[in-house]
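Spelled out from the first residue to the last, the chains are:
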Amino acid sequence: MPESLFADAMERLDAALQYVRVSQDAIDRLKSPKASPIVSIPVRMDDGSLKIFPGYRVRHDDTRGPTKGGVRYHPGVCLDEVQSLAFWMTFKCAALNLPFGGAKGGITVDPKTLSRMELERLSRGYIDAIADFIGPDIDIPAPDVYTNPTIMGWMMDRYSIIKRKLVPAVVTGKPTPLGGIVGRQTATATGAFWVVQTVLNKLERLPYETTVAIQGFGNAGGILAELLFKAGYRLVAVSDSQGGIYRKEGLDIPSIRQYKDQNKGVDAAYCQGSVCNILDRETISNEELLTLDVDVLIPAALEKQITAENAEAVKAEIVFEVANGPITSSADAILDRNGIIVVPDILTNAGGVTVSYFEQNRRASYDSTVR
Ligand code: GLU
């Protein structure tokens, strides 16, 4: 795989272009993100010091409508990553026939090290820095890795202060009392659940005969694990950023979720107490989870998890990409050669942006009614 994630995404584009007829003009435009502002966000920390955080908001392509995509808070965020994620959003929105182009944003930060007030100042500072690049008809941010409705509420409020009027449609994924839509928080997982059900139905696989391993236990992976568990699938392994647990007979997902929620800490998913002590389970690493002998593997954390280095060891029959870009292009070729079915991210995780569309659309009509 090329060093850069965006170069890897271009390899995918070239591979896909063998199957469709597209003008060179369109290809050239798809290969060049429309705008990639990089900003510096000064934040006054609780101890009085000033810290500067790098922020990004990439608008990849707006041919189909205002650009759309989440904002990620993660220490690994960089321009290359945000450009790639924005590129994938263009294709995701097109695959679902939503009237949006693709965008993505991010801040290079470990949000777990910030206090709630520092997080609020950072989120408001991000909007101060990018206010000229976003808007309901231009570009509409949303939640992504480690961002949530509260953060979207701060962003909407800050944008409205700058514009001197209430502009709820500037972001989606807001808290419901502020114009958010019921179901947005569970939308990515719910969409993925229906994709899994549909594909497995087609393959005539029954839930209770199907073993599943999920990497990532957050808004996408954690909720999806619970939906699959309730539908009767045998979830044998789950993990979060700290590590994972494995149990051949299947894990009790609702208890693990409850335990993780109560303990807040990420290590709760691999449990050093109560619930997990009852279970006869093994701890495994995130890398081990990817190569387990299961029917279904679901990477639902970050990009570049299945690469040329570990693809040969993947034993699952079907991989559902719930994270954005968890499989590199070189790994894709290996999985294909080994007869492993891959259901791509731009379909599997498109539930989030689809429900964002309903939220934004509803808000837009509300705005025009009150005007
Ligand atoms: N962050 C989500 C994604 O990657 C949702 C984007 C949105 O709702 O705009 O698809």
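All of these numbers come straight from a predicted model, not from anything done at the bench.

### Structural notes on the site of the ligand
And then number 1: Every one of the 14 residues lining the ligand counts as a neighbour, but Lys68, Lys92, Lys104, Asp144 and Ser356 are closest to it.
And then number 2: The separation between an oxygen atom of the ligand and a polar side-chain atom of Arg184 is 2.9 Å.
And then number 3: In the environment of the ligand, an oxygen atom lies 3.2 Å from a nitrogen or oxygen atom belonging to the side chain of Asn324.
And then number 4: The fraction of the free accessible surface of the ligand (290 Å²) that becomes covered by protein chains is 95%.

### Focus on the sheet that holds strand β10 (residues 296–299)
And then number 1: Strand order in the open sheet formed by seven strands is β9-β8-β7-β6-β10-β11-β12, and the pairing between neighbours is mixed. One side of each edge strand has no neighbouring strand; the edge strands of this open sheet are β9 (282–284) and β12 (341–343). Averaged over all adjacent pairs, the angle separating strand axes in this sheet is 20°, with direction ignored.
And then number 2: In terms of strand pairing, strand β7 (residues 234–240) meets strand β8 (residues 243–246) through four bridges, oriented antiparallel. Looking across to β8, one finds that Ser239 is bridged to Gly244.
And then number 3: Along the sheet, helix α6 (residues 184–202) contacts β10, β11 (318–320) and β12; its crossing angle with β11, the most-contacted strand, is approximately 160°.

### Some details on the packing of helix α1 (residues 5–17) against helix α3 (residues 79–95)
The relative placement of two packed helices comes down to the angle between their axes together with the axis-to-axis distance.
And then number 1: Close contact between α1 and α3 brings their axes to 7 Å; oriented N to C, the two are set at 30°. When the interaxial angle is binned, α1 and α3 end up roughly parallel. Taking contact as the criterion, the partners of Leu5, Phe6, Ala9, Met10 and Leu13 in α1 are, on α3, Asp80, Glu81, Gln83, Ser84, Phe87, Trp88 and Phe91.
And then number 2: Broken down by class, the residue content of the contact of α1 with α3 amounts to eight nonpolar, two polar and two charged.

### Observations concerning the pairing of strand β2 (residues 50–61)
And then number 1: Taken together, the seven bridges between strand β1 (residues 38–44) and β2 define a ladder with antiparallel strand orientation. Note that in β2 the partner of Pro42 across the bridge is Ile52.
And then number 2: Pairing of β2 with strand β4 (residues 101–108) involves six bridges; the strand directions are antiparallel. From the neighbouring strand, Asp61 faces β4, where its bridge partner is Gly102.

### Topic: the packing of aromatic side chains
And then number 1: Enumeration over the complete set of coordinates arrives at five aromatic pairs.
And then number 2: Between Phe100 and Tyr357, the ring centres sit 6.0 Å apart and the planes meet at 75°, which makes this aromatic pair edge-to-face. Here the residue Phe100 occupies a position in the loop between α3 and β4, and Tyr357 occupies one in helix α13 (residues 351–370), the gap between them amounting to 257 residues.
And then number 3: With relative accessibility at 3%, the residue Phe100 sits in the buried group.
And then number 4: When its relative accessible area of 22% is taken as the criterion, Tyr357 is described as partly exposed.
And then number 5: Members of the aromatic cluster, joined through ring pairs, are Phe6, Phe87 and Phe91.

Cut-offs used in this document
Residues numbered from 1 in each chain as written. Predicted model: local features only at pLDDT ≥ 70, side-chain atom pairs only at ≥ 80, totals over all residues. Heavy atoms only, no water. Near = heavy atom within 4 Å. Polar contact = N/O pair within 3.5 Å; in protein donor to acceptor, adjacent residues only side chain to side chain. Areas by Shrake-Rupley, 256 points an atom, 1.4 Å probe, with all protein chains shown as cover. Pairing = 2+ DSSP bridges. Helix = DSSP H or I, 4+ residues; strand = E, 2+ residues; numbered from the N terminus. Axes fitted to C-alpha atoms, helices over the stretch in contact; angles between N-to-C directions. Contact = heavy atoms within 4.5 Å. Parallel < 35°, antiparallel > 145°, perpendicular 65-115°, else oblique. Nonpolar A, V, L, I, M, F, W, Y, C, P; charged D, E, K, R; others polar. Phe/Tyr/Trp six-rings, centres within 6.5 Å; stacked < 30°, edge-to-face > 60°. Buried < 20%, exposed > 50% of the residue type's maximum accessible area, 1.4 Å probe, protein only.

What is shown is where atoms sit, not what they do.
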